Amino acid sequence: RTRTAGTTERAATGVVSVVGLLVFFELSSGILQGATGPLLPSLQAELDIPSDYLHWVQAIQYLDAAVSVPVFGRLGDLYGHRRMLRVALLLITVGSVIVAIAPNFTVLLVGRALLGPLAALLPLEIGLVRDRLTPEQSRRAIGMLVGAITLGSLVGALLAGVVQGQVGDVRVTLGVLAAVAVLCLTLSFFIPESRTRARGGMDWIGGALLGSSLAALL
């Protein structure tokens with residue numbers, strides 16, 4: 001009985017640790033997304049971006065996010081939610097670094113496009129908690145994840161304004177955000193893989209049509 005109780009306690013501790021990491025990822029996701037707005041004027045001045053094109057800094061990420069959510073969600077069901085979570089975080093990290101060092105507007109847009117999978121983190125995390133937790137525990141964990149991204153958005157806007165006001169260099173502020181992304185990618189290696197897999201395949205044609213139709217609309 002003692003051995004069984006100890007095993008159960010360790011399993012419960014492991015679940016709490018995993019949920020805590022996922023909540024941190026969503027908090028970081030909110031920070032990365034919320035920090036963009038306050039930094040737009042500084043980015044415009046730094047890269048000499050025409051006002052007519054400034055909206056693309058936000059729009060291109062939204063476009064990629066709209067495509068990333070269904071694509072990453074389906075790939076996570078097929079090949080593992082942790083695996084795709086790492087892929088998403090890798091793209092986000094690369095995108096954050098590119099944004100921080102972008103020498104011109106075009107390179108900046110490439111980096112911003114790579115940040116689109118930020119929106120795909122939540123469905124992948126939901127897949128992970130549903131695989132590991134009971135329905136009641138899953139509902140509580142999902143509520144924490146949604147609350148974390150909301151809080152992160154507020155913290156991100158505040159943090160970006162404070163850091164930018166203190167250092168006065170948008171590159172440094174963007175470097176801090178890139179460091180947050182690197183930390184999340186590193187911590188993702190402590191997340192266990194989901195055990196269930198969906199049947200079927202990926203509708204790549206549908207994904208391509210979705211992306212092209214959204215791009216045409218924009």
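Computed from a predicted model, the values in this text were never measured in an experiment. (Residues numbered from 1 in each chain as written. Predicted model: local features only at pLDDT ≥ 70, side-chain atom pairs only at ≥ 80, totals over all residues. Heavy atoms only, no water.)

## Focus on the overall build of the protein
Convention followed: Where helices and strands are cited, they refer to DSSP runs of H or I of at least four residues and of E of at least two residues respectively, numbered from the N terminus. When we talk radius of gyration, it's over C-alpha atoms, and the globule rule is simply 2.2 Å times the number of residues to the 0.38. We call a residue buried when its accessible area falls under 20% of the maximum for its residue type, exposed when it is over 50%, and partly exposed in between, using a 1.4 Å probe and counting protein chains only. The contact criterion used throughout is that any non-hydrogen atoms of two residues lie within 4.5 Å. Note on areas: these come from Shrake-Rupley sampling with a 1.4 Å probe, and a residue is covered only by the protein chains present in the view.
Helix and strand counts for the protein come out as nine helices and zero strands. Helices and strands appear in the protein in the N-to-C order α-α-α-α-α-α-α-α-α. For 218 residues, the compact-globule formula gives about 17 Å, and the C-alpha radius of gyration of the protein, at 19 Å, lands near that figure. Among the 218 residues that make up the protein, the fraction classed as buried is 44%. Long-range contacts, defined as pairs at least 24 residues apart, comprise 82% of the intrachain contacts of the protein with a sequence gap of at least 6. Element-wise, carbon and sulfur atoms account for 66% of the exposed surface of the protein, whose accessible area totals about 11200 Å².

## Here we look at helix 6 (residues 121–132)
Spelled out, the test is: One less than the residue count of a helix, multiplied by 1.5 Å, gives the span that helix is expected to have.
Along its twelve residues, helix 6 runs 17 Å from first to last C-alpha, staying within 8% of the 16 Å computed at 1.5 Å per residue. Listing the buried residues of helix 6 in full gives L121, L124, E125, I126, G127, L128, V129 and D131.

## Quick notes on the packing of aromatic side chains
Heads up, the rule is: Only centres within 6.5 Å qualify two rings of Phe, Tyr or Trp (six-membered ring in Trp) as a pair; their planes then separate them into stacked at under 30 degrees, edge-to-face at over 60, and tilted for everything else.
Enumeration according to the criterion identifies one aromatic pair in this entry. Plain terms: the ring middles of Y53 and F105 are 6.4 Å apart, the flat faces sit at 65 degrees to each other, and that makes the pair edge-to-face. With Y53 in the loop between helix 2 (36–47) and helix 3 (56–79) and F105 in helix 5 (residues 105–114), the pair connects residues that are 52 residues apart, well separated along the chain. For F105, a relative accessible area of 18% gives the class buried.

## Let's talk about the packing of helix 6 against helix 7 (residues 135–167)
Defined as follows: Working convention: axes come from line fits to C-alpha atoms, limited for helices to the stretch in contact. Angles between N-to-C directions cover 0 to 180 degrees. To sort the angles, those under 35 degrees are grouped as roughly parallel, those over 145 as roughly antiparallel, those from 65 to 115 as roughly perpendicular, and the leftovers as oblique. Left-handed describes a crossing whose near helix is turned anticlockwise from the far helix through less than a right angle; right-handed describes the clockwise counterpart. Classes in brief: Ala, Val, Leu, Ile, Met, Phe, Trp, Tyr, Cys and Pro nonpolar; Asp, Glu, Lys and Arg charged; the others, Gly included, polar.
Two numbers describe how helix 6 lies on helix 7: the axes approach to 9 Å, and their chain directions differ by 155 degrees. The angle between helix 6 and helix 7 falls in the class roughly antiparallel. Like other packed secondary-structure pairs, helix 6 and helix 7 cross with a definite hand, here right-handed. Contacts from L122, E125, I126, V129 and R130 in helix 6 reach S138, A141, I142, L145 and V146 in helix 7. Of the residues assigned to the contact of helix 6 with helix 7, the class counts are seven nonpolar, one polar and two charged.

## Quick look at unusual backbone geometry
A positive phi angle, close to 55 degrees, is found at D48, a residue other than glycine. Among the secondary structure elements, D48 is positioned in the loop between helix 2 and helix 3.

## With respect to the confidence of the model for the protein
Test applied: Per-residue confidence from the prediction method is given by pLDDT, with values spanning 0 to 100.
Mean pLDDT over the protein: 87, with 93% of residues reaching 70 or higher. Ranking the elements of the protein by mean pLDDT puts helix 1 (residues 2–34) last, at 71, and helix 4 (residues 81–101) first, at 96. Note that pLDDT drops below 50 for residues 2–13; the model gives that stretch zero contacts with residues more than four away or on any other chain.

## A word on the environment of G37
By secondary structure assignment, the location of G37 is in helix 2. Taking the C-alpha atoms as reference points, G37 and L118, 81 residues apart in sequence, are found 16 Å from one another.

## Describing the pattern of salt bridges
Opposite charge on two side chains makes pairing possible when the charged atoms of those side chains draw close. So the rule is basically this: Definition used for salt bridges: Asp or Glu carboxyl oxygen within 4 Å of a side-chain nitrogen of Lys or Arg.
Under the defined criterion, the tally for this structure stands at three salt bridges. Of the charged contacts, one joins E46 and R171 as a salt bridge, the two residues approaching to 3.3 Å between their closest N and O atoms. Highlighted residues: E46 in helix 2 and R171 in helix 8 (residues 170–187), separated in sequence by 125 residues. Two residues, E136 and R140, come together in a salt bridge whose shortest N-O distance is 3.5 Å. One end of the pair, E136, and the other, R140, are both in helix 7, four residues apart, so they sit about a helical turn from each other. Using a relative accessible area of 39% as the deciding quantity, one classes E136 as partly exposed. Residues joined by salt bridges that share partners form a network here, namely E136, R139 and R140.

## Considerations on the side chain of E26
Inclusion rule: Identification of polar contacts relies on pairs of N or O atoms within 3.5 Å, with a donor-acceptor requirement for protein atoms, meaning one able to donate a hydrogen and the other able to accept it, and with residues adjacent in sequence counted only if both atoms are side-chain atoms.
Mapped onto the fold, E26 is located in helix 1. Polar side-chain contacts of E26 include one of 3.4 Å to the backbone nitrogen of L122. If we ignore the near neighbours within four places in the chain, the residues touching E26 are L121, L122, E125, L145, A148 and I149.

## Describing helix 4
Quick reminder: α-helices carry 3.6 residues per turn. Residues three or four places apart thus point the same way. Here helix 4 is 21 residues long and its end C-alpha atoms lie 30 Å apart, about the 30 Å a rise of 1.5 Å per residue gives. Every buried residue of helix 4 is accounted for by H81, M84, L85, A88, L89, I92, T93, G95, S96, V99 and A100.

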